[in-house]
Amino acid sequence: MGHTLAEAILSRAAGQQTVRAGQFVTCEVDFCLVHDIFAGTLFDTLEHLGVDRLWDPDRVAVVLDHFSPAPSAAVAGLHRRIRQGVERFGIRHFFDTGQGICHQLLVERRLVRPGMLVVGTDSHSTTYGAVAAAGTGIGTSEMAYAVTTGTLWFQVPPTVRCELFGRLRPPASWKDLILHLLGRYGAEFVQYRALEFAGEAVSQVDLAGRMSVANMAVEAGAKFCFFPPDAVTRRFYGEDGATWPTPDPDAAYERTVSVDLSSLEPLVALPHRVDHVRPAREVQGVPVDQAFIGSCTNGRVEDLEEAARYLRGRRVHPRTRLLVAPASRAVYEEASRRGILADLVAAGAVVLPPGCGPCFGGHLGLLGDGERCVGTHNRNFQGRMGSPHAEIYLASPATVAASAVVGYITDPREVEVAVG
């Protein structure tokens, strides 16, 4: 019996020929990620334990992205301590304020590669499955152990296979694919399982779409999420991928589900659950005070360009404010070079620094009592963006941009896209 991709990667990391779902194994990790919410605590923990050097400082990245730039004196002090910790431990992969969101940066800079085992102090580390890496979120104490020893224990997860067929019909998007899975199967669909995509249509999913889907797989409980390496992966890395792990044809899956991409339509996740999903046409008419395009889910050039198609030559509705946060400085620069940011600004958007922005409620665009936001981010939990008496709706860049134009949630098929 062959390996799933999760079993193949963990077998290699555990130094064993074969590991199977349910086994507990100790693995060598390939890369560690820490962002500013947890980096200060991590460095304090290492100091308390008397740790004076890391297992491999070249395989650790520290990113200031959540509170970026610092919104208070206290956070500025935290960032200063983090910079001191980075210098003390000789961490080369340090991304200071304005460089971008951790998950975007690690893929963009090719620090994460197919077949790697990556741990991060962020639950959306499942994003790395977009490039066939096993990425998962861990706590600060686990990270202290990982950066000190280079190892961590895992229970090998069973794998659910999702077969894609048909052809996606815009303005339905890859964000709508993951919203569809959440709405159809629920927020515990793959609880401590790997979600592995396959099927005749998987080659349609571009890298940006894979990152969006893998990012939100954790909202369904996924330990890992994988798009097996293929032509999309090879183009991104410029390699033939001959040594990259792949799932075996005779691998054993706990369950197989399928999605007809041609049946997808623009969807919206309603407050306060990611799996409370309805077609945008059924939610149409809900007024929105704020629209947000960005985050590690949908802050890439492709997302900003899709939004601009609905905003060119138009103005954001007077009762709606539109915030845009590019996922990285490279995204910001490319969107600027191509005139995308100019189109968004001309429509009335406020462009934020590259980073997490208002997604997690730290700063930059919080909601007040009774306000509603429709955004491209990944969570709509009560109180996540400020007031617990606000409401958050999740949707694709097309749906968010179209909604910003009319001032209420709308099916983007109701708004004609601009040409050019």
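Residues numbered from 1 in each chain as written. Predicted model: local features only at pLDDT ≥ 70, side-chain atom pairs only at ≥ 80, totals over all residues. Heavy atoms only, no water.

> Residues and numbers for the sheet that holds strand S4 (residues 93-95), please.
Strand pairing in a sheet is mediated by backbone hydrogen bonds. Such pairs are either parallel or antiparallel. Here we have five strands laid out as an open sheet, ordered S4-S3-S2-S5-S6, and parallel in their pairing. Edge strands, defined here as strands with exactly one partner in the open sheet, are S4 and strand S6 (134-137). Within this sheet the neighbouring strands show an average axis-to-axis angle of 15°, counted without direction. Of the strand pairs in this sheet, strand S2 (residues 31-35) and strand S3 (residues 60-63) are connected by four bridges, and their pairing is parallel. Of the residues in S3, the one forming a bridge with leucine 33 is alanine 61. (Pairing = 2+ DSSP bridges. Helix = DSSP H or I, 4+ residues; strand = E, 2+ residues; numbered from the N terminus. Axes fitted to C-alpha atoms, helices over the stretch in contact; angles between N-to-C directions.)

> I'd like to hear about the sheet that holds strand S11 (residues 255-260), residue by residue, with values.
Here four strands make up an open sheet; going across it, the order is S10-S9-S8-S11 and the pairing parallel. The sheet is open, and its two edges are formed by strand S10 (224-226) and S11, each paired on a single side. With strand direction ignored, the average angle separating the axes of adjacent strands in the sheet is 20°. Bridge count for strand S9 (residues 194-198) against S10 is three bridges, and the pairing is parallel. Bridge pairing in S10 places glutamate 196 opposite phenylalanine 226. Strands strand S8 (159-165), S9 and S10 of the sheet are contacted by helix H1 (residues 5-14), whose axis makes an angle of about 115° with S10. (Contact = heavy atoms within 4.5 Å.)

> Before we move on, can you summarise the pattern of salt bridges with the specific residues and values?
Applying the stated rule across the entire model yields 23 salt bridges. Its salt-bridge partner being aspartate 96, residue arginine 83 comes within 2.9 Å of it at the nearest N-O pair. Of the two residues, arginine 83 is situated in helix H3 (residues 73-89) and aspartate 96 in the loop between S4 and helix H4 (102-108); the sequence distance between them amounts to 13 residues. Judged by relative accessible area, aspartate 96 falls into the partly exposed class, the value being 26%. Taking the shortest distance from any N to any O, the salt bridge between arginine 338 and glutamate 334 comes out at 3.8 Å. (Salt bridge = Lys/Arg side-chain N within 4 Å of Asp/Glu carboxyl O. Buried < 20%, exposed > 50% of the residue type's maximum accessible area, 1.4 Å probe, protein only.)

> Could you give an account of the environment of threonine 376, with specific residues and numbers?
In this structure, threonine 376 sits in the loop between strand S17 (372-375) and strand S18 (391-394). When neighbours within four sequence positions are excluded, threonine 376 is seen to be in contact with Lys175, Phe292, Ile293, Gly294, Ser295, Thr297, Asn298, Ala395, Ser396, Pro397 and Val400. Reaching out from threonine 376, the side chain makes a polar contact with the backbone oxygen of glycine 294 at a distance of 2.8 Å. (Polar contact = N/O pair within 3.5 Å; in protein donor to acceptor, adjacent residues only side chain to side chain.)

> Now, about the nonpolar core: what can you tell me, with residues and values included?
Counting residues in hydrophobic clusters, the biggest one holds 75 residues, and the most contacted among them are Leu164, Leu177, Leu195, Phe197 and Leu261. In this structure, this core is formed jointly by two domains, domain 1 (5-261) and domain 2 (267-411), each of which donates at least three residues. Apart from the residues lying within four places of it in its own chain, the contact partners of leucine 164 are Leu177, Phe197, Ala198, Gly199, Glu200, Ala201, Val202, Val205, Val259 and Leu261. (Core = buried A, V, L, I, M, F, W, Y, C linked by side-chain atoms within 4.5 Å. Domains from an automatic or database assignment.)

> So what about the domain arrangement of the protein? Which residues, and what values?
If you check the domain split of the protein, you get domain 1 (5-261) and domain 2 (267-411). Between domain 1 and domain 2, roughly 2800 Å² of surface is buried when both sides are summed, and carbon and sulfur atoms account for 59% of that area. Looking at the side of domain 1 facing domain 2, the largest losses of area belong to Ile101, Lys175 and Leu179, adding up to 20% of the total buried there. On the surface where domain 1 and domain 2 come into contact, there are one salt bridge. Across the pair glutamate 219 and arginine 379 runs a salt bridge whose closest N-O atoms are separated by 2.8 Å. Joining domain 1 to domain 2, the criterion identifies 19 residue pairs in polar contact (both at pLDDT 80 or more). In terms of residue count, helix H6 (residues 174-185) provides more of the side of domain 1 that touches domain 2 than any other element does, six residues in total. (Buried area = accessible area lost by both parts, 1.4 Å probe.)

> Describe in detail the packing of aromatic side chains, supporting the description with residues and values.
Overall, the coordinates contain eight aromatic pairs when judged by the stated rule. Between phenylalanine 43 and phenylalanine 89 the ring centres are 5.8 Å apart and the planes differ by 15°, which places this aromatic pair in the stacked class. Here phenylalanine 89 lies in helix H3 and phenylalanine 43 lies in helix H2 (residues 36-49), a separation of 46 residues in the sequence. Here phenylalanine 43 matches phenylalanine 89 in class, with each residue buried. Look at phenylalanine 67 and phenylalanine 360: their rings are 5.3 Å apart centre to centre, the planes differ by 80°, and that puts the pair in the edge-to-face class. Here phenylalanine 360 lies in the loop between strand S16 (350-351) and S17 and phenylalanine 67 lies in the loop between S3 and H3, a separation of 293 residues in the sequence. Through a chain of ring-to-ring contacts, three or more aromatic side chains come together here, namely Phe236, Tyr237 and Trp244. Above the face of the phenylalanine 236 ring, arginine 110 is positioned so that its terminal group lies 3.8 Å from the ring centre. (Phe/Tyr/Trp six-rings, centres within 6.5 Å; stacked < 30°, edge-to-face > 60°. Lys NZ or Arg CZ within 6 Å of the ring centre and 35° of its normal.)

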